[in-house]
Amino acid sequence: MRRLVRACFAGANGYSYAKKAEDVAREHGIDRVARLASNENPRPPTPAAIEAATAALGTVNRYPDERTAALVEALRRYHGDYRFVTGAGMDGVIETVIRTVVEPGEAVVVSTPTFSFYGLAAAAHGARVVNVPRREDFSVDPAEFIEASRGAKLAFLCSPNNPTGNSVSPETVEEILEETEGLLFLDNAYVDFSDIDYRPLMRRHDNLVLGRTMSKIFALAGLRVGYAFAPKWLEPFYRRAATPFALNSVSAAAAVGALADPDRVREVRDHVRRWRLRFRNETPFTTFPSDANFVMIDVAPCTGDEAVEHLAARGVLVRSCTSFPGLGDHYIRVSIGEEWENVRFLEAIRDL
Ligand SMILES: *Cc1c(COP(=O)(O)O)cnc(C)c1O
């Protein structure tokens, strides 16, 4: 019956998921595994988020508010007077934006190496994916990006970029916005860990979408809450294209609770920045500057897969970057975790 499956799923691999901590623990006989493979927040969400989610459970006999008005209101309180669209994780937002503007067969531009889901979602939609490689130092060549985007309705750029960790300056983003007629989806999943603020660009450009997630600094990865700053014209069409009630009411309530605790966000940011520096200084390999809650490390002459095995045997789960198209086979990506996890990683990488 395999012949029934669409070519985009029958042939290629899908999303690469991290290995399970329980499997690593069992394989190597380790009690507690340091989980540094998925860029999650190692700490549980703020009590305000847990309380709000718990209270919302009492009304799940009703469908959620399709406009997620309470969440949009909380986002305005947190960010200021912008327009927002929401979804089931930023992944859900990415999918819906593609559906809103791209016809099957049309081009979708992706700056690589980067997060794989832009290309996967575009291909699943029947779009033609156009990859634009970054320079050798992983910076973006705006002229090349603009040239590749000519005629395309949608382009994806990730900043800070997953897995390389570097950012594109707001000036470069603005240069791209001025020269492209399509929509630019700027993925800001990790922007809370950086010093950069792209939000003012929303005031000057109506072809920019800023993707955000509650999965990383806000510690709600398991609840799947994403949103985006969107131009006003896009909103009604986005809603038409979206899967009805994709963002559930418990998750939306948790997000409102999490947004109400900015002190918690600052704590996480400080912790990440402190350790990001130590990772760069204390790892005996080339590490790349990072504005995110992870660092990419060049483990040559080892391969990324070998390094992952070595670290797993010592109870540390990290991500090999071999599955990121356009990147060599000798990189790993390591998330900043809790202190004990970070210490164990630094010890384990020393004898690689
Ligand atoms: C984690 C991540 C996302 C996905 O976020 P969800 O809201 O959990 O779907 C999007 N983009 C990048 C670059 C990410 O690393």
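Everything numeric here is computed off the predicted structure, so don't read it as measured data.

A. Representation of the overall build of the protein. Of regular secondary structure, the protein possesses 14 helices and 13 strands. Over its C-alpha atoms the protein spans a radius of gyration of 20 Å, differing by no more than 12% from the 20 Å that the globule rule assigns to 352 residues. If one aligns the C-alpha atoms of the protein with their principal axes, the spans along those axes are about 55 × 50 × 50 Å. Out of the 352 residues belonging to the protein, those deemed buried represent 52%. Long-range pairs, those at least 24 residues apart, make up 73% of the contacts in the protein between residues at least 6 apart in sequence. Carbon and sulfur atoms make up 50% of the accessible area of the protein, which amounts to about 16,200 Å² in all. Here the protein contributes 42 positive and 47 negative side-chain charges, whose respective centroids are spaced 5 Å apart.

B. Expanded view of the packing of aromatic side chains. The final tally for this structure, using the stated rule, is 17 aromatic pairs. For the ring pair Tyr78 and Phe218, a centre distance of 5.8 Å and an interplane angle of 70 degrees mean the geometry is edge-to-face. Linking Tyr78 in helix 4 (residues 69-79) with Phe218 in the loop between strand 7 (208-213) and strand 8 (225-229), this pair joins segments that are 140 residues apart in sequence. Here Phe218 falls in the buried class, since its relative accessible area comes to 5%. Aromatic rings pair up to connect Tyr15, Tyr17, Phe115, Tyr118, Phe156 and Phe185 into one cluster. One residue, Arg32, lies across the ring of Trp340, its end atom 3.8 Å from the ring centre. Across from the ring centre of Phe294, 5.8 Å away, lies the NZ or CZ of Arg333, which sits over that ring.

C. Broad picture of the UniProt feature "domain: Aminotransferase class I/classII large" (unreviewed entry) in the protein. On the UniProt side, "domain: Aminotransferase class I/classII large" (unreviewed entry) is annotated at positions that read residues 34-349 here. Summarising residues 34-349: 40% helix, 18% strand, and an end-to-end C-alpha distance of 13 Å.

D. Broad picture of the pairing of strand 13 (residues 331-335). Counting buried positions over the 5 residues of strand 13 gives 5, a clear majority of the element. In strand 13, alternate side chains face the same way, and those of Tyr331, Arg333 and Ser335 on one face and Ile332 and Val334 on the other are all buried. Note: strand 12 (residues 319-320) against strand 13, 2 bridges, orientation antiparallel. In the sheet register, Arg319 faces strand 13, and the bridge partner there is Arg333.

E. Region of the structure containing the pairing of strand 6 (residues 183-187). Across the 5 residues of strand 6, 5 count as buried, placing the element largely inside the fold. What you see with strand 6 is no split at all: Leu183, Phe185 and Asp187 on one side and Leu184 and Leu186 on the other are buried throughout. Taken together, the 5 bridges between strand 5 (residues 154-158) and strand 6 define a ladder with parallel strand orientation. In the sheet register, Cys158 faces strand 6, and the bridge partner there is Asp187. One crossover worth recording links strand 5 to the parallel strand 6 by way of helix 8 (residues 170-179), and it is right-handed. In this sheet, strand 7 lies alongside strand 6 in parallel orientation, the contact comprising 4 bridges. If you follow Leu186 over to strand 7, its bridge partner there is Leu210.

F. Representation of the side chain of His205 within the structure. Following the sequence through the fold, His205 ends up in the loop between helix 9 (201-204) and strand 7. Relative accessible area serves as the criterion here: at 11%, His205 is assigned to the buried category. Of the polar contacts made by the side chain of His205, one reaches the side chain of Glu174; its length is 2.6 Å. When neighbours within four sequence positions are excluded, His205 is seen to be in contact with Glu174, Leu177 and Glu178.

G. Up close: the sheet that holds strand 8. Strand order in the open sheet made by the 7 strands is 2-8-7-6-5-3-4, with mixed pairing throughout. Of all the strands in the sheet, just strand 2 (84-88) and strand 4 (128-133) have a single pairing partner and so form its edges. Across the sheet, the mean angle separating the axes of adjacent strands is 25 degrees when strand polarity is ignored. In the sheet, strand 3 (residues 107-112) pairs with strand 4 via 6 bridges, with the strands oriented parallel. What sits directly across from Val109, in strand 4, is Val130. Running over the sheet, helix 5 (residues 89-101) touches strand 2, strand 5, strand 6, strand 7 and strand 8 and is turned about 115 degrees from strand 2.

H. Structural context of the pattern of salt bridges. For the structure shown, the criterion picks out 19 salt bridges. A salt bridge links Arg150 to Glu147; the shortest N-O distance between them is 3.2 Å. Classification of Arg150 as exposed rests on a relative accessible area of 54%. Classification of Glu147 as partly exposed rests on a relative accessible area of 48%. Measuring nitrogen to oxygen at the nearest pair gives 2.8 Å for the salt bridge that ties Arg273 to Asp195. You can see Arg273 sitting in helix 12 (residues 262-282) and its partner Asp195 sitting in the loop between strand 6 and helix 9, a full 78 residues away along the chain. The class for Arg273 is partly exposed, based on a relative accessible area of 24%. Residue class for Asp195 comes out exposed when judged on its relative accessible area of 69%. Each member of the salt-bridge network shares a partner with another, and the members are Lys19, Glu27 and Glu309.

About the thresholds
- Residues numbered from 1 in each chain as written.
- Predicted model: local features only at pLDDT ≥ 70, side-chain atom pairs only at ≥ 80, totals over all residues.
- Heavy atoms only, no water.
- Helix = DSSP H or I, 4+ residues; strand = E, 2+ residues; numbered from the N terminus.
- Rg over C-alpha atoms; globule rule 2.2 N^0.38 Å.
- Buried < 20%, exposed > 50% of the residue type's maximum accessible area, 1.4 Å probe, protein only.
- Contact = heavy atoms within 4.5 Å.
- Areas by Shrake-Rupley, 256 points an atom, 1.4 Å probe, with all protein chains shown as cover.
- Lys, Arg positive; Asp, Glu negative; His and termini not counted.
- Charge placed at Lys NZ, Arg CZ, Asp CG, Glu CD.
- Phe/Tyr/Trp six-rings, centres within 6.5 Å; stacked < 30°, edge-to-face > 60°.
- Lys NZ or Arg CZ within 6 Å of the ring centre and 35° of its normal.
- UniProt positions renumbered as here; feature names shortened; annotations may be inferred.
- Pairing = 2+ DSSP bridges.
- Right-handed = clockwise from strand over helix to strand, strands pointing away.
- Polar contact = N/O pair within 3.5 Å; in protein donor to acceptor, adjacent residues only side chain to side chain.
- Axes fitted to C-alpha atoms, helices over the stretch in contact; angles between N-to-C directions.
- Salt bridge = Lys/Arg side-chain N within 4 Å of Asp/Glu carboxyl O.

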